[in-house]
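For reference, the chains in residue letters:
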Amino acid sequence: MSSTLTDILVGGISRGAMYALVALGYTMVYGVLGMINFAHGEIFMIGMFSCVFAMGVFSLAWGNLIVLNLTLGIVVAMIISAGYGYANERIAYRRLRKAHVLAPLTSAIGISTFLQYFIFLTVSRDAVNFPRFYSDYLTNHHLKLGPVDFSYLQIMILGLTFVIMCALFYLINHTRLGIALRATAQDQLMASLVGVPVNKIIAFTFILGSALAAIAGVMYSMYNDTLIFNSGYRIGLKAFTAAILGGIGNVPGAVLGALIIGLTEALTTYGFGSEWDDVSTFAMLMLVLLLRPRGLLGERVANKV
Amino acid sequence: MRKLLLYLLPALVIAASFVVAGCGKGGGDSKSIKIGLAGVLTGGDGQIGASMLNGSQIAIDEWNAKGGVLGKPIEPVVINDEGDPQKAVTAAQTLIDDGVVAVIGHFNSGCTIPASNLYNDAKIVEISPGSTNPTYTDRGLPYAFRICGRDDQQGAVIAKFLRGQQKIAKIAILNDKTTYGAGLAKVVADNFTAQGGQVVASQGVDANDLDFRADISVAQGAGAQALVWGGMYKGGGPLCVQMREAGLNVPFVSDDGCQDQKFVDTVGNNAKDVYVSFGKDYTSTPAAQAFIQAYKAKYKSDVGSYSIYGYDAAQVLLTAIQKAGTTDAEKVAAVLKGQPFDTIQGQIEFDSKGDLKVADYVIWTVKDGKLQELAPAP
C-alpha cells in the first residue's frame, strides 16, 4: 500500500500533465499572435471524440488490435483536430488579425460555443464511455517505486508531456522553422519582408497546437473514462490559467504552471477537501500575478526564451 | 441586390417566426388540452430524463387513442431544461405562456424546485416523476406533487443498509454539489452518524472534472469501509471505476441518480460490490408489461429507470383531470389528494404535501451487467 500523500501527488502531477498539453496550445498561439484562442478547449474535445470514433472504425475494419488501433486512433485524432484548428484560424481569425484586439477574442468565444453545440447536436448529447477494452491494460497495471505507485497510463501521460515539451523547446530554439516562428512573433511585417511566409507560419502554429490538444484529449478521456461535448470548457479554463501562471507565450512556463495547478488542486483536496480546489487555484494565480505580473517564467516565446 | 438581401433576410426570418409562434398559440387553445412535459433531455443526465418523459408520452398516446381527456385531444408540449436551474425557470415560463394546464416534470431537483414556484403562481398542477429532494414539497406549495420517494427516506435506507446490513463503521461521502446530490449526502451522513457510524470524509466535487483520484486517496487514507456517492451517473460511473483502479475495493453505494444502464456500462467489469438505492423493480410486474411493450415499439429501446414513473405521473394526472371534470388546478389537486390511484407502482396515495404516503426504496446491485434488486438479507 502506498501512502495517501504520495497517491495524491501522483494524481496531481498526472492531472497537471494533461493541463500542460492543453496549455501548450494556448501559449503557442499567444506567443506568436498575441491572441487567446478560447476555442482551444473545443479542439481538445473534438480530438477525444475523433479518437474513439476512429478506433471504432478500425476495429470494424480489421479487428481489435489494441496497440495498433489506439496508436492510429491518436494519429487520426491529431489530424482531425489539426484540421479543425487550421479551419478556425483560416475562417475565424485570419481576417481579424489587424482588427481591434477584442475582435478575434470574441470570434474565438463564438467558435468555442459553435463547436460545442455542433458536437452536441451531431455526435452525442450524452456522455460517451471511452472503450475500456483499450484502456484497461494501461489503467490496471501499476509500476511501484517504493511508496510511489504509478499506473501505466499515468506514466504514459507524464512521458508524453515531457517529450512533447522538450521537442517544442527544441523546435522553437534550434530549427529554421523555430527562427521563422520567433520572427513572426516579434514582428509580422518585418518577418514577411525578409521572406518568412507569415500566414503559413501562423497556420502551422494552430495545427501544431491543435494536434497537441488532440493527444491531451485522448489521454484525458482514457484517464477519466468519459467523453462529453462540454468537457473542453473546464479543462480549457484550467489550462489557460496554467499558461498565464507560467507566463503566457512561454513553453516551459506553461508546463510548469500546469503542474503547479494540478498539484495545488490535489494538495487542497488533501488538506481542505475538494470543495476548495478552485478557490486555492485561483487565489494562487492572483498572488503570483501580483508578485510577478508576467507569470513565473515571463511572457512571450520570442522576447524571453 | 446583395445588400437588399442582407436586410430582407433577417426581416423575413423575424416575420416567419411570428407567424409560426402565432399559429402555435392560436391553434391549440380551445381544441386541445396542453400538458407540459419538462425535464433534462440533453447533457450528462439526458438519457435518464428523456426516457422518463418518453414514459409520459406513452400514457398520453393511450389517452389520445381513447379520445383524449374531457373530450379533447391531449397535446404534449415537450421542453428541455438541460438540467440547469436557470434554464428550468425559463422553460417553466415558456410552458406557462404556451397555455399548458398541467406539467409533468422536471427531473433534477435543482430544476424542479425553482420551476415549481412559477407553476404554483400560475395555478398549474405539477407532478414530478423523479425529483426526490425534500424541499420540493416541503414549502407548502398547493399544486406540487411527486410520484417518487423523498431523499430523507432514500438516505435513511442507504444508511440502514450500510450500518445494519453491511455492519460498516466508517464511510466516506462524496456529492456532485447539486441540490439533489448534496441534499442526499447530508441525509445519509445524518442517518449514518445517528446509528453510531462515523463519516470520515465528506466532500462536494465538480462532476464535470471527472477526476476523483485525490478524493479517493483521502477516503482511502481515512480508512473508509464504503464510499457513498450522492449524485448522478455521469460522475458516479467514473468515480466507481477510478476507485477500483486505486485499489479501494470497498462497497460503492449510490442513489437513484445512478439507476441507469449508462452507469452500469461505464462501470463495466468493476461492478463488484456496487449498490444503488431505488424504488422497487416494477419491470417484471404484470401491470407493467403492456407499457413496456408499447415503449419498445415506439422508441426502439428498453425502458429507462424513470420511464414507469413518467408513465404513472401522466396516468394519475389525466385520471385526476377526468375525474375533476375540469383543468382547474385547485379541483385537480383536490382530486389528487383525495383518493387512491391505481398505477404500475400499485395503489398509491398522495399526502397533504403532495408526497407519496408510502415510499418503496430498496437496494439494487449490479449483476450480470444489469441493475437488479438485491435479494433481501436473510
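Owing to the predicted nature of the structure, the values given are computational and were not obtained by experimental measurement. Every residue gets a number counted from 1 within its own chain, in the order that chain's sequence is written. Starting at A for chains and at 1 for ligands, labels are handed out in the order in which the entities are written. With pLDDT at 70 or above as the cut-off, local features in this predicted model cover only qualifying residues; side-chain atom pairs require 80 or more to be listed or tallied, and sums for whole chains, interfaces and linings still use all residues.

J.: Describe in detail the overall build of chain B, supporting the description with residues and values.
T.: Helix and strand assignments follow DSSP, with helices taken as H or I runs no shorter than four residues and strands as E runs no shorter than two, numbered in order from the N terminus. Helices and strands together make up the secondary structure of chain B, namely 13 helices and 14 strands. The globule rule used here is 2.2 Å times the number of residues to the 0.38 power, and the radius of gyration it is set against is calculated over C-alpha atoms. Relative to a compact globule of 378 residues, whose C-alpha radius of gyration would be 21 Å, chain B shows 22 Å and is just as compact. Three classes are used. A residue is buried when 20 or more other C-beta atoms lie within 10 Å of its own, exposed when 12 or fewer do, and partly exposed in between, with C-beta atoms placed from the backbone. Here chain B holds 378 residues, and 55% of them are scored as buried. Residue pairs qualify as contacts under a 7 Å threshold applied to their C-beta atoms, which are placed from the backbone. Contacts spanning at least 24 positions in sequence make up 70% of the contacts within chain B whose residues lie at least 6 apart.

J.: Can you explain the overall build of chain A? Please cite residues and give values.
T.: The secondary structure content of chain A amounts to 13 helices and four strands. Taken over the C-alpha trace, chain A has a radius of gyration of 19 Å; the compact-globule value for 305 residues is 19 Å, and the two agree within 12%. Seen through its C-alpha atoms, chain A measures out along the principal axes to roughly 60 × 50 × 35 Å. Put simply, chain A has 305 residues, and 51% of those count as buried.

J.: So what about the pairing of strand β2 (residues 74–80) of chain B? Which residues, and what values?
T.: Residue and element names in this part refer to chain B. Here, strands pair whenever DSSP counts at least two bridges between them. In terms of strand pairing, strand β1 (residues 33–39) meets β2 through seven bridges, oriented parallel. For Gly-39, the partnering residue across the bridge sits in β2 and is Asn-80. Once you follow β1 into helix α2 (residues 46–65) and on to β2, the crossover reads as right-handed. Handedness is read with the strands pointing away from the viewer; a crossover is right-handed when the path from the first strand over the helix to the second is clockwise.

J.: Lay out helix α9 (residues 198–224) of chain A with the relevant residues and their values.
T.: The terminal C-alpha atoms of α9(A), which comprises 27 residues, lie 39 Å apart, in line with the 39 Å expected from a rise of 1.5 Å per residue. In the stretch just after α9(A), A:Asp225 is the one whose phi turns positive, near 70°. By this rule the span expected of a helix is its residue count minus one, scaled by 1.5 Å.

J.: Break down the environment of A:Met219 for me, with residues and values.
T.: Residues and elements named next belong to chain A. Mapped onto the elements of the fold, Met-219 is located in helix α9. Taking the C-alpha atoms as reference, Met-219 lies 8.1 Å from Leu-153; in sequence the two are 66 residues apart. When residues no more than four places from it in sequence are discounted, the contact partners of Met-219 are Met-18 and Ile-157.

J.: Residue-level account of the nonpolar core, with values.
T.: Counting 88 residues, the largest nonpolar core has A:Ala20, A:Ala23 and A:Ile215 as the members making the most contacts within it. By size, the runner-up hydrophobic cluster in this structure holds 66 residues, among which are B:Ala91, B:Tyr143, B:Leu317 and B:Ala333. In this usage, the nonpolar core is the set of buried Ala, Val, Leu, Ile, Met, Phe, Trp, Tyr and Cys residues whose C-beta atoms join them within 7 Å.

J.: Any details on the confidence of the model for chain B? Residues and values, ideally.
T.: Interpretation of the predicted coordinates at a detailed level should be avoided for regions scoring low in pLDDT. This prediction gives chain B a mean pLDDT of 88; 91% of its residues lie at or above 70. The low-confidence segment residues 20–28 of chain B, where pLDDT is below 50, has two contacts with residues more than four positions distant or belonging to other chains. pLDDT measures the predictor's confidence residue by residue and takes values from 0 up to 100.

J.: So what about the packing of helix α10 (residues 231–246) of chain A against helix α12 (residues 277–291) of chain A? Which residues, and what values?
T.: All names here are of chain A. Fitted lines through C-alpha atoms give the axes, limited to the stretch in contact for helices. The angle between two N-to-C directions lies from 0 to 180 degrees. Close contact between α10 and α12 brings their axes to 10 Å; oriented N to C, the two are set at 25°. One way to sum up the angle between α10 and α12 is to call them roughly parallel. As for how α10 packs across α12, the hand of that crossing is left-handed. The segment α10 lies against α12, with Thr-241, Ile-244 and Leu-245 engaging Thr-281, Leu-285 and Val-288. The class makeup of the residues in the contact of α10 with α12 is four nonpolar, two polar and no charged. For classification, angles of less than 35 degrees are called roughly parallel, those exceeding 145 degrees roughly antiparallel, those between 65 and 115 degrees roughly perpendicular, and all remaining angles oblique. For any pair of crossing helices, the crossing counts as left-handed if the nearer helix is rotated counterclockwise from the farther one by less than a right angle, and right-handed if it is rotated clockwise. Residue type decides the class: Asp, Glu, Lys and Arg count as charged, Ala, Val, Leu, Ile, Met, Phe, Trp, Tyr, Cys and Pro as nonpolar, and the leftover types, Gly among them, as polar.

J.: Which residues make up the domain arrangement of chain B, and what values go with them?
T.: Residues and elements named next belong to chain B. Just so you know, the domain bounds were taken from an automatic or database domain assignment. Domain parsing of chain B yields domain 1 (31–149 + 284–348) and domain 2 (152–278). Counting from both sides, the interface comprises 14 residues of domain 1 and, opposite them, 14 residues of domain 2. The set of elements that each furnish at least two residues to the side of domain 1 that touches domain 2 consists of α2 and α4 (109–121). Counting residues per element, the side of domain 1 that touches domain 2 draws most heavily on α4, which supplies three residues.

J.: Please give an account of helix α12 (residues 307–324) of chain B that cites residues and values.
T.: The periodicity of an α-helix, 3.6 residues per turn, causes residues three or four places apart in sequence to face the same way. Its 18 residues place the ends of α12(B) 26 Å apart at the C-alpha level, agreeing with the 26 Å of an ideal helix rising 1.5 Å per residue. A positive backbone phi angle near 75° is found at B:Gly325, which sits one or two residues after α12(B).

J.: Lay out the environment of B:Asp265 in plain terms, naming residues and giving numbers.
T.: Here B:Asp265 is to be found in helix α10 (residues 261–267). Sequence separation between B:Asp265 and B:Lys370 is 105 residues; the distance between their C-alpha atoms is 8.8 Å.

J.: Let's hear about the sheet that holds strand β6 (residues 170–175) of chain B: which residues, and what values?
T.: Residues and elements named next belong to chain B. Spatially, seven strands are ordered β7-β6-β8-β9-β10-β13-β14 in an open sheet, and the strand pairing comes out mixed. Lying at the two open borders of the sheet, with one neighbouring strand each, are β7 (198–204) and β14 (370–373). Ignoring which end each strand starts from, the neighbouring axes of this sheet average 25° apart. Looking at chain direction, β6 and strand β8 (residues 226–230) are connected through five bridges and run parallel.

J.: So what's going on with the pairing of β8(B)? Which residues, and what values?
T.: Two faces belong to every sheet, and in a regular strand the side chains alternate between them. All names here are of chain B. The buried fraction of β8 is high, at five of five residues. Side chains Ala-226, Val-228 and Gly-230 of β8 all project onto a buried face; the interleaved residues Leu-227 and Trp-229 project onto the opposite face, where all are buried too. As defined by bridge partners, β8 adjoins strand β9 (residues 252–254) across three bridges and the pair is classed as parallel. Note on β9: the bridge partner recorded for Trp-229 is Ser-254. Crossover β8 to β9 through helix α9 (residues 233–245) is right-handed.

J.: Tell me about the interface of chain B and chain A, and please be specific about residues and values.
T.: Contact with chain B, which involves 27 residues of that partner, is made by 27 residues of chain A. Contributions of two or more residues to the side of chain B that touches chain A are made by α2, β7, α8 (213–221), α9 and α10 of chain B. Classifying every residue of the side of chain B that touches chain A gives six nonpolar, 14 polar and seven charged.

J.: Which residues make up the environment of B:Lys160, and what values go with them?
T.: Along the chain, the position of B:Lys160 falls in helix α6 (residues 151–165). Along the primary structure B:Lys160 and B:Tyr299 are separated by 139 residues, whereas in three dimensions their C-alpha atoms are 38 Å apart.

J.: Describe unusual backbone geometry, and please don't skip the residues or the numbers.
T.: All names here are of chain B. Cis geometry is found at the peptide bond from Gly-105 to His-106, where omega equals -10°. Inspection of the secondary structure assignment puts His-106 in the loop between β3 (102–104) and α4. Positive phi is not limited to glycine here, since Lys-123 has a value of about 55°. Along the chain, the position of Lys-123 falls in the loop between α4 and β4 (125–128).

J.: How would you sum up the sheet that holds strand β5 (residues 144–146) of chain B? Please name residues and give values.
T.: Residue and element names in this part refer to chain B. Strand order in the open sheet formed by five strands is β2-β1-β3-β4-β5, and the pairing between neighbours is parallel. A strand with exactly one partner marks an edge of an open sheet, and here the two such strands are β2 and β5. Looking at each pair of strands side by side, their axes are set apart by 20° on average, direction ignored. Sheet contacts for α4: β3, β4 and β5; angle to β4, the most-contacted strand, approximately 160°.

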